[in-house]
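# Overview (structure and organization)
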Amino acid sequence: MLANMKKKLPFIAVVFPLVCMLALFLCMPVIGMVLSSFQTDTNGAWTLSNYHEIFTNSFFYQAFYNSALIGLFSSVLGLILAIVLCNCLLKLSEKWQEKITVVTNLVANFAGVPLAFAFIILLGNSGILKLAFPHLMTFNLYSWRGLVLTYLYFQIPLGVIFIYPAMRKMKKEWIEVSDLFGASRSFYWRKVGIPLLMPTLGSTFIILFANGLGTYETAYALVGSNINLLTTRISALIAGDVYARPNVGSALAVVFFGMMVLAMILSQLLVRRVRRTSL
Amino acid sequence: MKKKLPLSTKLILLIFAIFYATPFVSTTIYAFATKWGKTILPQGVTLEWIKQLFGDTNFYVAIGHSFLLAIVSLIVLLVVMLPAVYVVYHMFPKVDYTMQYFSLVSYALPGVILATGLLKIYSGSQIPMFLVLVGALFITSLPLIYQGIRNSMVAIDSKSLIEASKMLGASSMTTFLKVILPNIRFGVLLSSLMIFSGFLGEFVLTNLLIGGRFQTIRIYMLRRMNENGHIASSVMVVYFIILFLVGFGMNQLSKKMKESANNTRKKRRFGRESQKIVEKNTSTAKIS
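None of the values given here were measured: they were computed from a predicted structure.

## Describing the UniProt feature "transmembrane region" (unreviewed entry) in chain B
Residue and element names in this part refer to chain B.
- Mapped onto the present numbering, the UniProt feature "transmembrane region" (unreviewed entry) falls at residues 12–33, 67–89, 101–121, 127–146, 190–210 and 231–250.
- Within the segment residues 127–146, helix and strand shares are 90% and 0% respectively, and the terminal C-alpha atoms sit 27 Å apart.
- The distance from the first to the last C-alpha atom of residues 190–210 is 29 Å, and the span holds 81% helix and 0% strand.

Printed below as a string of structure tokens:
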């Protein structure tokens, strides 16, 4: 055993910097965040009041609600539109499919400040599209609906990245066989297509939902702190000049992190089912 | 083989294309428009905004900061990760298995949460916030680079290469430097470019950890957005061009990768590489 250890020692030394980075910039911050969430902001005494405040103050409750609402709508719509897009893409020739996947990867990175600004030009208070189509006048970009529309711009490509490989594996022959047996297309999707894709769709939905919840830059550039969201609320609490209450922010971040980890475990369980049922 | 596409498919694809092109097009037009707000088309075309932008020293500073941050972070990432993935993948399969799950951390740990913890530990400490930012970027890009390097090693069947190289008497170090690194260079470069373009556009962590004291492209963009939309658009156009160049490079690279994968030359190159190592080892053996 000891000889084995000695033999492995140089290799452990190679991994050591990685371990250091993980300890310094991942483990310590997370532990520090959890610890400070149990301390008061005024004198650092141990307390549960931060958590008590989060779960009783309607202000924080509203942040959870808004984030969940936007996350849910943007992920469900994003998922549906990603399926529609994948379905169309698969009808194209191989060459075009490849080109479009490259573009999709690029577009998935077009989020944040530039995206927010582009949508302000188009649909802001004096947006160009509002001039062109007056009945869009009532659409408010700086509302949760506006955020959902803007989020969709990066949620759809992200969905495509995960769904496309799975949909590619579905054989065209399956549709032909089901046609041959006289089944309708909707019957095929209900009984064959959707059940086979279900695990992939489930885990993709969770990733999109988590992504929607965690988005900060786009929301910050678009609405600032006008809409009470988890991410903008946390950032105002930890780095704000006026409302800085870092330990309450930590508690909020810990709860948020817990939700995210739970979601990821769920998606992993789904992925494991995928491996078992193929596709 | 040309297939006729159904009209509905064409229509849906067209709608998606319009949805995805419009923001790019409108931003670009806005950057060159004199005044655009009361009419459907801009009132005139001008280079005024671009000129103003290139006359602003803060703009160069912001680009410099972004590149500095991206280059330093990428170097740290590669120096730490290349040997580490090599060792973990080949020597510690159990660690490798858990690292696969790690990729989900990037989704479970949004920048805001990571920044909360980092500020808690490091704000007011001796460590400069720039280094903390580099560390934070390291953590967020860990899954991507790990997967990237690992996939490249799987693609070249590194396990049998290492075996062959060991059999020929090369040390692990020589194998890594002379056999593995040259063969995974395209794959690693590809992931590096992807991560690099992400670093260039970093906003969340920079803004929360350092804020206005260290202006990067995106922070500069946001500041200009609140002052003059036309100049903000010009910044975005420049930024898109940079990203496009990076993307173009990536595309060329992946083409090259495919070519070299299809080529039988690849195998011959492996042969030559190991031949060289043998020659080197025998020559050092003679000297000693």
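## Comments concerning the nonpolar core
- Residues Leu18 and Leu147 of chain A together with Met81, Phe138, Ile149 and Leu209 of chain B are the most contacted members of the largest nonpolar core, which totals 157 residues.
- Ranked by the residues each element gives to this core, the list is headed by helix α3 (residues 57–91) of chain B, at 15 residues.
- Contact partners of Met81 of chain B, with chain neighbours within four places excluded, come to Leu18 of chain A together with Phe138, Leu142, Ile145, Tyr146 and Ile149 of chain B.
- Counting five residues, the second-largest nonpolar core is a separate cluster that includes Phe186, Val246, Met250 and Leu253 of chain B.

## Here's the deal with helix α7 (residues 129–155) of chain B
All names here are of chain B.
- Taking 1.5 Å of rise per residue, the 27 residues of α7 would be expected to cover 39 Å, and the 38 Å separating its terminal C-alpha atoms lies within 8% of that figure.
- In terms of burial, α7 is a largely internal element, 19 of the 27 residues being buried.
- In the segment just after α7, Asp157 is the residue with positive phi, at about 55 degrees.

## Examining the pattern of salt bridges
- In total, this model carries eight salt bridges over all chains according to the counting rule given.
- For Arg218 of chain B, the salt bridge identified is with Glu217 of chain A, shortest N-O distance 2.8 Å. Of this pair, Arg218 of chain B sits in helix α11 (residues 217–225) while Glu217 of chain A is found in helix α10 (residues 217–223), placing the two residues in two different chains. Per residue, the accessibility class of Arg218 of chain B equals that of Glu217 of chain A, and both read buried.
- One connected set of salt bridges, linked through shared partners, spans Asp56, Arg223, Arg224 and Glu227 of chain B.

## Some thoughts on empty space enclosed by the protein
All names here are of chain A.
- Under the defined criterion, the tally for this structure stands at one cavity of 30 Å³ or more.
- Lining the largest cavity we find Ser67, Ile70, Gly71, Tyr151, Gly212, Leu213, Thr215, Leu229 and Thr231.
- Contributions of two or more residues to the lining of the largest cavity are made by α3 (58–89) and α9 (185–214).
- Among the elements that take part in the lining of the largest cavity, α3 stands out by supplying three residues, more than any other.
- Of the residues belonging to the lining of the largest cavity, the class tally is four nonpolar, five polar and no charged.

## Thoughts on the interface of chain A and chain B
- Facing 75 residues of chain A, the contacting portion of chain B comprises 70 residues.
- Between chain A and chain B lies a buried interface of about 6400 Å² when both sides are counted; carbon and sulfur atoms form 81% of it.
- If you sort the residues of chain A by the area they bury against chain B, Phe11, Phe25 and Phe117 of chain A come out on top, with a joint share of 11%.
- Our count for the chain A to chain B interface comes out at five residue pairs in polar contact (both at pLDDT 80 or more).
- No other element matches the 17 residues that helix α1 (residues 2–36) of chain A contributes to the side of chain A that touches chain B.
- Per-class residue counts for the side of chain A that touches chain B are 57 nonpolar, 12 polar and six charged.

## A closer look at the confidence of the model for chain A
- In the predicted model, chain A carries a mean pLDDT of 86, and the fraction of residues at 70 or more is 93%.
- When pLDDT is averaged over each element of chain A, α3 of chain A comes out on top at 93 and helix α4 (residues 94–107) of chain A at the bottom at 78.

## A few points about the environment of Phe244 of chain B
Residue and element names in this part refer to chain B.
- Positionally, Phe244 belongs in helix α12 (residues 229–262).
- Judged by relative accessible area, which is 53%, Phe244 ranks as exposed.
- Measuring from C-alpha to C-alpha, the distance between Phe244 and Ser197 comes to 9.6 Å, with 47 residues separating the pair along the chain.

## Re the environment of Val238 of chain B
All names here are of chain B.
- Residue position: Val238 is located in helix α12.
- Of the residues examined, Val238 reaches a relative accessible area of 16% and is grouped as buried.
- For the pair formed by Val238 and Leu82, sequence separation is 156 residues and the distance between their alpha carbons is 32 Å.
- If we ignore the near neighbours within four places in the chain, the residues touching Val238 are Leu53, Phe54 and Phe59.

## Regarding the packing of helix α5 (residues 113–123) of chain A against helix α1 (residues 7–31) of chain B
- With their axes 9 Å apart at the nearest point, α5 of chain A and α1 of chain B run at an angle of 85 degrees to one another. In this view, α5 of chain A runs roughly perpendicular relative to α1 of chain B, as classed from their interaxial angle. Here Phe117, Ala118, Phe119, Ile121 and Leu122 of chain A of α5 of chain A lie close against α1 of chain B, whose contacting residues are Phe19, Thr22, Pro23, Ser26, Thr27 and Tyr30 of chain B.
- Within the contact of α5 of chain A with α1 of chain B, the residues separate by chemical class into eight nonpolar, three polar and no charged.

## Side note on unusual backbone geometry
Residue and element names in this part refer to chain B.
- Phi is positive for Asp157, close to 55 degrees, though the residue is something other than glycine.
- Here Asp157 shows up in the loop between α7 and α8 (158–167).
- On the basis of relative accessible area, Asp157 is assigned to the partly exposed category, the value being 43%.

## Section: the packing of aromatic side chains
Residues and elements named next belong to chain A.
- Applying the stated criterion across every chain, the model contains 24 aromatic pairs over all chains.
- Ring centres of Phe119 and Tyr153 lie 6.0 Å apart, and the angle between their planes is 80 degrees; this geometry places the pair in the edge-to-face category. Here Phe119 is found in helix α5, whereas its partner Tyr153 is found in helix α7 (residues 144–169), with 34 residues between them in sequence. Each member of the pair, Phe119 together with Tyr153, is buried.

Scoring rules and cut-offs
Residues numbered from 1 in each chain as written. Chains lettered and ligands numbered in written order. Predicted model: local features only at pLDDT ≥ 70, side-chain atom pairs only at ≥ 80, totals over all residues. Heavy atoms only, no water. UniProt positions renumbered as here; feature names shortened; annotations may be inferred. Helix = DSSP H or I, 4+ residues; strand = E, 2+ residues; numbered from the N terminus. Core = buried A, V, L, I, M, F, W, Y, C linked by side-chain atoms within 4.5 Å. Buried < 20%, exposed > 50% of the residue type's maximum accessible area, 1.4 Å probe, protein only. Contact = heavy atoms within 4.5 Å. Expected span 1.5 Å × (residues − 1). Salt bridge = Lys/Arg side-chain N within 4 Å of Asp/Glu carboxyl O. 1 Å grid on protein atoms, 1.4 Å probe; cavity = no way out; pocket = protein on both sides within 12 Å on 5 of 7 lines; lining within 4 Å. Points joined across faces, edges and corners; volume = space filled by probe spheres on them. Nonpolar A, V, L, I, M, F, W, Y, C, P; charged D, E, K, R; others polar. Buried area = accessible area lost by both parts, 1.4 Å probe. Polar contact = N/O pair within 3.5 Å; in protein donor to acceptor, adjacent residues only side chain to side chain. pLDDT = per-residue confidence, 0-100. Axes fitted to C-alpha atoms, helices over the stretch in contact; angles between N-to-C directions. Parallel < 35°, antiparallel > 145°, perpendicular 65-115°, else oblique. Phe/Tyr/Trp six-rings, centres within 6.5 Å; stacked < 30°, edge-to-face > 60°.

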